[in-house]
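Fold and geometry: a report
Here is what each chain is made of, one letter per residue.
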Amino acid sequence: MAKWFGKKEPQVEVRQTLEDILLAAGVGTNTITASQAMTIPAFSSSVHLISNTVASLPIKLYKTEGDRIEEIYDDPRVALLNKETGDTLDGFQLKKGMVTDFLTYGGGYAFINKSRNKVKSIHYVSRGSVSVVSSPDPVFKRNDILVNGVSYRDYEFIKLLRNTANGGTGFGVLAENNKMLSLAYNTILFEEMLYKTGGNKKGFLLSKTRLSPNAMTELKNAWNNLHKNNSENVIVLNDGLEFKESNNSAVEMQVNQNKISNNQDIFNMFGIPIELFNGKATGGNEEMYASFVKLAILPLLEAFEAAINATMLLTNEKDKLVFRFDVTPILTADIEKRYKAYEIAIKNGLLQIDEIRKIEKYEPLGLDFVKLSLADALYNPKTKDLFVLNTNSAVKLGEGGIEQVNDPNASGKPSAKGENPKADSTSNPKEVKKNES
């Protein structure tokens, strides 16, 4: 084969990735467990942020009749979901545990303890104690849930599932992004190794002559002392010995930058803007928190509500009753913005004063009127009475039109349309005084 002289072969730039650095340092990137993933600050903080947010929201029960929606307060299932579950865990811990398993493993489970059709208690079951046996039929699916070998039917559990294909199990962030999480986890181990060794790099020694066994033993002991966390951190190389590093220090300087990139990727896994953790989501950037609620919280709440309604309601209740999370705490703005919104709601008849006082945790005043305009009319939806302020009169809205309840006329008869009985020639005070004189 002919050789081309006068031309240099192209130089290929070899760049080490973070994974190469970890492998060179003796740190592998194998599959990691959930407990190992929780040691990654970005992962654990994301899981706790989402699970705490969902667990802090109360679950309410509503009854629908046509266009009317009424909240039910005295149903015992509401107390079981929010306060005392009948288990060792309270309502907050129940929801937090299920959401944590949902995010990590893809499924959160809670056993519904019933006596006939009455729910007696709700018991959170950790994902590690649950195994699901699914039928092979992809059309008519059926799942049996095993808890420590005891078999249960799937309708006996509240199943909060993420990315499920069979309705029994799901895929969590740990399974979907294990390679990325493994890289982040082993980066922490790599940093820990650097701190323990005082920043000393791995390498090897070159000797021009063969060392005797005693010299080899002495060198090994000195090398071990160099990498221990003590004052014996000096080693003297005799003539003929040379130290060679086994990794690239220039690439090691990029480890911190790779950590920042890894954290950003982990936050993206959960749909969390990184501004929530670096302090930039305040002072006019509240839309970052709104983005977090829309991307990470609301879809999870929809899945949680569907799981609760599917198993906590009887068949004859599903047409009228529905469980829903109260998202007011996470959608509530600062006090100035809230009060401006309330002002608009009252002005347009969307909310009553007592409804707003209830939202703000104040005692209701017993005002059952809806303000239709700024100063001219008040409407009572229960009695259908319309009180006109500027005429100091009340009328009842009937099917045949407006029926006057109390007439300002002395005769007690309603005046004709467009007629004012006081608008006569004697209604002028000056003319009355003149006639009397």
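Here the structure is a predicted model, which means the values were calculated and not measured. Positions within a chain are numbered from 1, following the residues in the order the chain's sequence is written. Since the coordinates come from a predicted model, pLDDT governs what is reported: local features require at least 70, and pairs of side-chain atoms require 80 or more to be given and counted, while whole-chain, interface and lining totals use all residues. Water and hydrogen atoms play no part in the side-chain values, which are based on all heavy atoms of the structure.

Regarding the overall build of the protein chain
Our working rule: Strands here are runs of E lasting at least two residues and helices are runs of H or I lasting at least four, both read from the DSSP assignment and numbered beginning at the N terminus. Three exposure classes are used, based on accessible area relative to the maximum for each residue type with a 1.4 Å probe and protein chains only: buried under 20%, partly exposed in between, and exposed over 50%. Only heavy atoms matter for contacts: two residues are in contact if any of them lie within 4.5 Å across the pair. Surface exposure here means Shrake-Rupley accessible area, sampled with a 1.4 Å probe, where a residue is shielded only by the protein chains that are shown.
Counting its secondary structure elements, the protein chain contains 15 helices and 16 strands. Counting the 437 residues in the protein chain, one finds 31% classified as buried. Of the contacts made within the protein chain by residues no fewer than 6 positions apart, 57% connect residues no fewer than 24 positions apart. With an accessible surface of roughly 28,500 Å², the protein chain has 53% of that area assigned to carbon and sulfur atoms.

With respect to the confidence of the model for the protein chain
Worth spelling out the cut-off: On a range of 0 to 100, pLDDT expresses the predictor's confidence in each residue.
On average, residues of the protein chain carry a pLDDT of 77, and 68% of them reach 70 or more. Across the protein chain, the secondary-structure element scoring lowest on mean pLDDT is helix α9 (residues 249-252), at 47, and the one scoring highest is helix α5 (residues 91-104), at 97. Throughout residues 1-27 the model reports pLDDT below 50, and contacts reaching past four residues in sequence, or to other chains, amount to 32 contacts. Below a pLDDT of 50 lies the segment residues 410-427, which in the model reaches 11 contacts outside its immediate sequence neighbourhood of four places, other chains included.

Regarding the nonpolar core
The cut-off we apply is this: By nonpolar core is meant a set of buried Ala, Val, Leu, Ile, Met, Phe, Trp, Tyr and Cys residues that side-chain atoms within 4.5 Å join together.
Counting 53 residues, the largest nonpolar core has Ile50, Ile158, Phe270 and Phe304 as the members making the most contacts within it. Ranked by the residues each element gives to this core, the list is headed by helix α11 (residues 287-312), at 10 residues. In contact with Ile50, not counting residues within four places along its chain, are Val99, Leu103, Phe270, Ile272, Phe292, Ala296, Ile297 and Leu300. The next biggest cluster of nonpolar side chains, apart from the first, holds 9 residues, and it includes Tyr109, Val125, Val130 and Val132.

Re helix α3 (residues 41-55)
Spelled out, the test is: Here the expected length of a helix is defined as 1.5 Å per residue gap, with one fewer gap than residues.
For α3, built from 15 residues, the straight-helix expectation of 21 Å at 1.5 Å per residue is met to within 8% by its first-to-last C-alpha distance of 21 Å. What α3 keeps buried is the set Ala42, Phe43, Ser44, Ser46, Val47, Ile50, Ser51, Thr53, Val54 and Ala55.

Considering the packing of α3 against α11
Rules: As a rule, the C-alpha atoms of each element are fitted with a line to give its axis, helices using only the stretch in contact, and angles between N-to-C directions run from 0 to 180 degrees. Comment on the angle field: the value is read as roughly parallel under 35 degrees, roughly antiparallel over 145, roughly perpendicular from 65 to 115, and oblique elsewhere. If you view the pair so one helix is near and one far, a crossing is left-handed when the near helix is turned anticlockwise from the far one by less than a right angle, and right-handed when it is turned clockwise. The residue classification treats Ala, Val, Leu, Ile, Met, Phe, Trp, Tyr, Cys and Pro as nonpolar and Asp, Glu, Lys and Arg as charged. All others, Gly included, are polar.
As a packed pair, α3 and α11 sit with axes 11 Å apart at the nearest point and diverge in direction by 55°. The pairing of α3 with α11 is recorded here as oblique in orientation. Seen along the crossing, α3 lies across α11 with a hand that is right-handed. Only Phe292, Ala296, Ile297, Leu300, Leu301 and Phe304 of α11 make contact with α3, whose side of the interface consists of Leu49, Ile50, Thr53 and Val54. In terms of residue class, the contact of α3 with α11 is built from 9 nonpolar, 1 polar and no charged.

Describing the sheet that holds strand β11 (residues 321-325)
Test applied: Two strands form a pair only when DSSP identifies at least two bridges running between them.
Strand order in the open sheet made by the 3 strands is β2-β1-β11, with antiparallel pairing throughout. The open sheet has two edge strands, β2 (68-72) and β11, and neither has a second partner. With direction set aside, neighbouring strand axes in the sheet form an average angle of 35°. As defined by bridge partners, strand β1 (residues 59-65) adjoins β2 across 5 bridges and the pair is classed as antiparallel.

Quick look at helix α13 (residues 335-347)
We count it as follows: Working definition: the arc comes from the directions between the helix axis and the C-beta atoms, pointing outward to the latter.
Given a rise of 1.5 Å per residue, 13 residues ought to cover 18 Å, and the 18 Å separating the end C-alpha atoms of α13 matches this to within 8%. Three or more residues of α13 are buried, namely Arg338, Tyr342 and Ala345. End-on, the buried residues of α13 take up no more than an arc of 60°, which puts them together on one face. Relative to its buried face, α13 has exposed residues pointing more than 90 degrees away, namely Glu336, Glu343, Ile344 and Lys347. On its buried face, α13 is in contact with α14 (353-359).

Topic: the pairing of strand β14 (residues 385-388)
Side chains Leu386 and Val388 project from β14 onto a buried face, and the interleaved Asp385 and Phe387 project onto a face without burial. Between strand β13 (residues 377-380) and β14, which follow one another and run antiparallel, lie 4 residues, and Lys384 among them has a positive phi close to 60°.

Description of the environment of Pro364
Turning to its location among the elements, Pro364 is positioned in the loop between α14 and β12 (370-371). Each C-alpha atom, one on Pro364 and one on Ile353, is 8.1 Å from the other, the two residues being 11 residues apart in sequence. Ignoring anything within four residues of it in the chain, the contact list for Pro364 reads Asp354 and Arg357.

Let's talk about the sheet that holds strand β5 (residues 130-134)
In space, the 3 strands of this open sheet follow the order β5-β6-β7, with antiparallel pairing throughout. Each edge of the sheet is formed by a strand with only one pairing partner; in this case those strands are β5 and β7 (150-153). The sheet shows a mean angle of 30° between the axes of neighbouring strands, taken without regard to direction. As paired elements, β5 and strand β6 (residues 143-147) share 5 bridges and run antiparallel to each other. Within β6, the residue paired with Ser134 across the bridge is Asn143.

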